[in-house]
Every structure is written in C-alpha cells, then in structure tokens.
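This is what each chain is made of:
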Amino acid sequence: CFISYVGEVRDYFGFDNRDMGYFQGWNDAEVAWGNQIVALHWNHIHNSRAFSNVTGTYSNYGFLVGNKFTSTSPLGTERTELRYESGIRDFGVKWDLDFIPSPSQYWKMGGGYTYHTFTPGMNVFEIEYPEASPDTSFGSSTVYAHEIQAYIENDWKITEKLKLNVGIHFAG
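Everything numeric in this text was worked out from a predicted model, so none of it was measured.

Asks: Sorry if this is basic, but what is going on with the overall build of the chain here?
Replies: Counting secondary structure elements, the chain contains zero helices and eight strands. Looking at the 172 residues of the chain, the share that counts as buried comes to 22%. Of the contacts formed within the chain by residues at least 6 apart in sequence, a portion of 58% connects residues at least 24 apart.

Asks: Looking at this structure, I do not really get the environment of Arg89. What am I missing?
Replies: Inspection of the secondary structure puts Arg89 in strand E4 (residues 76-102). Separated by 52 residues in sequence, Arg89 and Ile37 place their C-alpha atoms 9.9 Å apart. When neighbours within four sequence positions are excluded, Arg89 is seen to be in contact with Tyr58, Ser59, Asn60, Tyr115, His116 and Thr117.

Asks: Quick question: what am I supposed to make of the side chain of Thr114 here?
Replies: Position of Thr114 among the secondary structure elements: in strand E5 (residues 105-128). In this structure, Thr114 is in contact with Asp90, Phe91, Gly92, Ala145, His146, Glu147 and Gln149, ignoring residues within four places of it in sequence.

Asks: It is not clear to me how the packing of aromatic side chains should be interpreted in this structure. Could you clarify?
Replies: Each pair of aromatic rings is reported with the distance of its centres and the angle of its planes. By the definition in use, this model includes two aromatic pairs. Between Tyr58 and Phe91 the ring centres are 5.0 Å apart and the planes differ by 45 degrees, which places this aromatic pair in the tilted class. In this pair, Tyr58 sits in strand E3 (residues 50-73) while Phe91 sits in strand E4, placing the two residues 33 residues apart along the sequence. The exposure class of Tyr58 is partly exposed, given its relative accessible area of 22%. Under the relative-accessibility criterion, Phe91 is labelled partly exposed at 41%. An angle of 15 degrees between the planes, with centres 6.3 Å apart, marks the rings of Tyr115 and Tyr144 as stacked. Remark: Tyr144 occurs in strand E7 (residues 143-157) and Tyr115 occurs in strand E5; sequence separation between them is 29 residues.

Asks: Help me out: how do you make sense of the pattern of salt bridges in this one?
Replies: Close approach of charged atoms lets side chains of opposite charge pair. All told, the structure shown has four salt bridges when counted by the stated rule. Salt-bridge contacts for Arg83 lead to Glu81; the nearest nitrogen and oxygen are separated by 2.7 Å. Glu81 sits in the buried class, given a relative accessible area of 8%. Of the charged contacts, one joins Lys157 and Glu160 as a salt bridge, the two residues approaching to 3.4 Å between their closest N and O atoms. We classify Lys157 as partly exposed; its relative accessible area is 38%.

Asks: Honestly, a nonpolar patch on the surface in this entry has me stumped. Any pointers?
Replies: On the surface, Trp156, Ile158, Leu162, Leu164 and Val166 cluster together into a nonpolar patch covering about 410 Å² of accessible area. Examined against the element boundaries, Val166 turns out to sit in strand E8 (residues 163-171).

Asks: Please clarify how the pairing of E7 should be interpreted in this entry.
Replies: A regular strand carries its side chains on alternate faces of the sheet. Bridging between E5 and E7 involves 14 bridges; their strand directions are antiparallel. Its bridge partner lying in E7, Tyr106 is registered against Asp155. In this sheet, E8 lies alongside E7 in antiparallel orientation, the contact comprising nine bridges. Paired with Trp156 across the strands is Leu164, a residue of E8.

Criteria and cut-off values
Residues numbered from 1 in each chain as written. Predicted model: local features only at pLDDT ≥ 70, side-chain atom pairs only at ≥ 80, totals over all residues. Heavy atoms only, no water. Helix = DSSP H or I, 4+ residues; strand = E, 2+ residues; numbered from the N terminus. Buried < 20%, exposed > 50% of the residue type's maximum accessible area, 1.4 Å probe, protein only. Contact = heavy atoms within 4.5 Å. Phe/Tyr/Trp six-rings, centres within 6.5 Å; stacked < 30°, edge-to-face > 60°. Salt bridge = Lys/Arg side-chain N within 4 Å of Asp/Glu carboxyl O. Patch = residues over 30% accessible without salt bridge, like charges linked within 9 Å, V, L, I, M, F, W, Y side chains within 5 Å. Areas by Shrake-Rupley, 256 points an atom, 1.4 Å probe, with all protein chains shown as cover. Pairing = 2+ DSSP bridges.

What follows is the structure, given as structure tokens:
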C-alpha cells in the first residue's frame with residue numbers, strides 16, 4: 001500500500017501604491033505552511049495465528065511568515081524584508097506483530113525508529129537602500145534527533161468474566 005499527500009496553504013495581504021506625501025509605498029505580507037507525507041505499508045500473514053505490518057514514513061512540514069515593504073522617494077527606492085521560517089522533517093519505520101497462540105491470549109509487539117530534523121527558526125532581515133544593502137540571517141541551528149520505541153502487550157482472557165491486559169512500552 002502506498003499513500004502520499006502534499007498540501008500547502010498561503011495567504012498574502014497588503015496594500016499597493018500608497019501615496020504618503022513625501023514617498024510612495026507598497027507592502028506585502030505572507031503566511032504559508034504546508035506538509036508532504038509519504039507512507040509505504042506492507043502486511044504479511046505468517047500463518048493462521050500470526051501476522052505483521054511494516055510501515056515506512058516520510059514527512060516534511062514547513063512554516064513561513066514574512067513581510068516586504070518597498071518605498072520610493074526622491075532619494076531612491078528602499079526595500080525592507082523580514083522573514084521567519086521553520087520546519088520539521090521525519091523519516092520513520094515501524095514494525096508490528098500480532099500473535100494469537102490460543103483463543104484466550106492475544107499478543108501484540110513491535111517497535112519503530114524515527115529520525116527527526118528540526119529547523120527551529122531562521123530569521124532573515126534584508127534592507128536595500130540606495131547607499132547600502134545589509135543582509136542579516138540569524139536563528140537557531142538545525143537539530144537532529146533519534147526516537148526509538150518498542151512495546152509488548154498481552155490480552156489474556158482468564159475466565160468469561162475476568163480479562164487481564166498487561167504490557168510494557170518503551171520510548172526514548
């Protein structure tokens with residue numbers, strides 16, 4: 001089974017050609033975010049009492065908010081831009097096994113791994129003046145993380161009126 005999704009939302013707002021006496025200005029603001037998801041899923045029936053699932057995933061989320069202001073005056077054109085961008089990218093794999101050794105017991109177990117790439121935020125500040133054009137980018141550096149999880153669980157029907165569900169889950 002193959003699943004894919006790509007979605008993006010963008011909003012623009014601002015004003016154009018405002019005459020403010022000494023100069024004229026244009027302002028544009030933007031907010032955007034989106035996600036790309038891909039999953040590959042495989043089921044396997046080992047026998048009448050056991051089956052497993054394996055899933056591989058990819059996700060890429062991004063966020064942007066920004067503003068651009070352009071003005072003209074007798075001294076020339078000036079442009080100022082401020083942007084903030086961030087995102088998360090994940091690669092993962094997950095394995096699950098269901099095992100039914102008897103009608104009174106149902107075992108579930110599995111594990112997974114996810115590799116995260118966090119881009120917590122980059123600020124970009126650009127100014128273009130007729131006499132100078134500084135360009136500054138600052139923000140947090142990229143963070144990489146590993147996530148591992150594993151679990152085992154047993155649904156045990158002891159009697160018709162008594163059922164026991166025990167298990168353990170590890171994530172780190």
